[in-house]
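# Architecture and fold: a report
One-letter residues, chain by chain:
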Amino acid sequence: MTVITADQRPASSLLPEAMMSNPDLTKLYMSASCPDLGAESVVSSSDEEDDVVDIGRFEPLVEMQGEDDDDEAAPLSMDASPSDRPPPAQVEEGADEPASRSLVAEAPIDPLALSPSTSSTSSYPSHPSERRKLQWEFKGLTLWLELEEFDSDLTRAVEDFSSRHSSPFIPKPHTTAIYGMEHLTEAEASARLRRVAQTVGPWPSFARPTGVTCDLAVCGRPGQVCSIAWSELTLASDPLHEAAMDTLYRLFYDDDDGDSSDTSGEASLPVRDRPWKPHNSVAYDNPETNALSLLDTITYMGKNPTLLGRGRRVEAISLWNTEGKMEDWRFIDRVRFW
């Protein structure tokens, strides 16, 4: 439970009255696990420990202004320009590829090539290399869902939070589907990725976020398997998402003949957490140097209303090598749903 003490309460609210009355901004969740391993849980308030927000030391990320409801943002395509694309990925002989799907291995968007957003300031670091590095070491191959954007809102949020706090830079806004696969080579995983559109079909769309989470996990604590701080848009799963996740797991863990066992005869298909707890992180940091705050995150969401106010289609699913630290992550392949 977040508590604002009386001696810290300002004379006027930092958040506008309309924002404070908005249930989408006040319905906040606090989770207690690694954001990309899908092991979140909603934690209710406790009598043993209260989180006190020191408003006296808080500097808002952006100045709050009135929302312009007349402007309708247009979806942003995440396609890189043709000159930026590497050659098409090689397909193994005999591999199946849907005739209606054109697959190209694409380089991730460089957010620095985007014009600065309205919340940028001259004090921001000039390049992500000057920002802190995330110290946790990840593993394996990972599948990300890439969501539809409205005027680059997710990409700009990632850049703004990293710039504001000199915090680790997330290479691509994403919602993790499967993390840390170690049983496939990159070529094998890429070949299976090319069958997603045919096997899974277009990924079900997400309704608008159910809330905002800003939390910290430390490896070794109950239910926590990594050490990381993060801020996220919390999404909701439904029966269609659960069915899509089951199909995706079978595609990437079953043998090509449909067998879900390894050479020793033991089952290799992992038991995934149910229900799936999807989220789209906008910022990471190290627990020791964490500069993220819930109030800061809410303020930013209020200034950029599409982040909490819009449902999103899933534009693509991409394969990444997430072995090592975040700065070592490497894009491998991508399949677009539309």
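All of the points below concern the structure found in this document. (Residues numbered from 1 in each chain as written. Predicted model: local features only at pLDDT ≥ 70, side-chain atom pairs only at ≥ 80, totals over all residues. Heavy atoms only, no water.)

## A closer look at the overall build of the chain
Each helix and strand in the chain was counted, giving 8 helices and 11 strands. Expressed as a percentage of the 338 residues in the chain, the buried residues total 47%. As displayed, the chain has an accessible area near 16700 Å², and 49% of this comes from carbon and sulfur atoms. (Helix = DSSP H or I, 4+ residues; strand = E, 2+ residues; numbered from the N terminus. Buried < 20%, exposed > 50% of the residue type's maximum accessible area, 1.4 Å probe, protein only. Areas by Shrake-Rupley, 256 points an atom, 1.4 Å probe, with all protein chains shown as cover.)

## Looking at the pairing of strand E8 (residues 228-234)
Along E8, 7 of the 7 residues are buried, which leaves the element largely enclosed by surrounding structure. By the alternation rule, side chains of E8 split into Ile228, Trp230, Glu232 and Thr234 and Ala229, Ser231 and Leu233, which are all buried. In this sheet, E8 lies alongside strand E7 (residues 211-217) in antiparallel orientation, the contact comprising 7 bridges. Note that in E8 the partner of valine 212 across the bridge is leucine 233. Note that E8 and strand E9 (residues 279-285) share 6 bridges and pair antiparallel. Opposite serine 231, over in E9, you have alanine 283 as the bridge partner. (Pairing = 2+ DSSP bridges.)

## Looking at the packing of helix H3 (residues 153-165) against helix H7 (residues 294-303)
Where H3 meets H7, the closest approach of the two axes is 12 Å, and the angle between their N-to-C directions is 135°. When the axes of H3 and H7 are compared, the pair comes out oblique. Crossing handedness for the pair H3 and H7: right-handed. Here Arg156, Ala157, Asp160, Phe161 and His165 of H3 lie close against H7, whose contacting residues are Asp296, Thr297 and Tyr300. The residue makeup of the contact of H3 with H7, split by class, is 3 nonpolar, 2 polar and 3 charged. (Axes fitted to C-alpha atoms, helices over the stretch in contact; angles between N-to-C directions. Parallel < 35°, antiparallel > 145°, perpendicular 65-115°, else oblique. Left-handed = near helix turned anticlockwise from the far one by under 90°. Contact = heavy atoms within 4.5 Å. Nonpolar A, V, L, I, M, F, W, Y, C, P; charged D, E, K, R; others polar.)

## Here's the deal with helix H6 (residues 239-253)
Between its first and last C-alpha atoms H6 spans 21 Å; for 15 residues at 1.5 Å apiece the expected length is 21 Å, and the two agree. Of all the positions in H6, only His241, Glu242, Ala244, Met245, Thr247, Leu248, Tyr249, Leu251, Phe252 and Tyr253 are classed as buried. Taken together, the buried residues of H6 touch strand E4 (141-147), strand E6 (175-181), helix H4 (186-193), helix H5 (196-199) and strand E10 (314-321). N-capping of H6 is provided by aspartate 238, with a side-chain oxygen placed 3.0 Å from the backbone N of leucine 240. (Expected span 1.5 Å × (residues − 1). Polar contact = N/O pair within 3.5 Å; in protein donor to acceptor, adjacent residues only side chain to side chain.)

## Examining the side chain of glutamate 146
With respect to the helices and strands, glutamate 146 occurs in strand E4. A relative accessible area of 0% places glutamate 146 in the buried class. Of note is the side chain of glutamate 146, whose polar atom sits 2.8 Å from the side chain of serine 318.

## Considerations on the sheet that holds E4
Taking strand neighbours across the sheet as the criterion, the 4 strands line up as E6-E4-E10-E11 in an open arrangement whose pairing is antiparallel. One side of each edge strand has no neighbouring strand; the edge strands of this open sheet are E6 and strand E11 (330-336). Put simply, the sheet's adjacent strands are angled 20° from each other on average, direction ignored. The pairing of E4 with E10 spans 7 bridges and is classified as antiparallel. Of the residues in E10, the one forming a bridge with leucine 145 is isoleucine 317. Helix-sheet contacts for H6 involve E4, E6 and E10, and the interaxial angle to E6 is about 25°.

## With respect to the nonpolar core
Proteins that are soluble and globular tend to have nonpolar side chains buried together. Counting 45 residues, the largest nonpolar core has Leu143, Val196, Trp203, Leu248, Phe252 and Ile317 as its most contacted members. Contact partners of tryptophan 203, with chain neighbours within four places excluded, come to Leu145, His241, Ala244, Met245, Leu248, Trp276, Val314 and Phe337. Formed by 16 residues, the second largest nonpolar core is a distinct cluster that contains Phe138, Phe169, Tyr179 and Met326. (Core = buried A, V, L, I, M, F, W, Y, C linked by side-chain atoms within 4.5 Å.)

## Quick word on the packing of aromatic side chains
Going through the model one piece at a time under the given rule, you end up with 9 aromatic pairs. Plain terms: the ring middles of phenylalanine 138 and tyrosine 179 are 6.4 Å apart, the flat faces sit at 80° to each other, and that makes the pair edge-to-face. Of this pair, phenylalanine 138 sits in the loop between strand E3 (75-76) and E4 while tyrosine 179 is found in strand E6, placing the two residues 41 residues apart along the sequence. This pair shows no difference in class: phenylalanine 138 is buried, exactly as tyrosine 179 is. A centroid spacing of 6.1 Å and a plane angle of 70° characterise the contact between tryptophan 203 and tryptophan 276, whose relative ring orientation is edge-to-face. Of this pair, tryptophan 203 sits in the loop between H5 and E7 while tryptophan 276 sits in the loop between H6 and E9, placing them 73 residues apart in sequence. Here tryptophan 276 falls in the buried class, since its relative accessible area comes to 9%. Directly above the ring of phenylalanine 150 sits arginine 310, whose terminal nitrogen or CZ lies 4.0 Å from the centroid. Stacked on the ring of tryptophan 338, the Lys or Arg arginine 313 has its end atom at 3.7 Å from the ring centre. (Phe/Tyr/Trp six-rings, centres within 6.5 Å; stacked < 30°, edge-to-face > 60°. Lys NZ or Arg CZ within 6 Å of the ring centre and 35° of its normal.)

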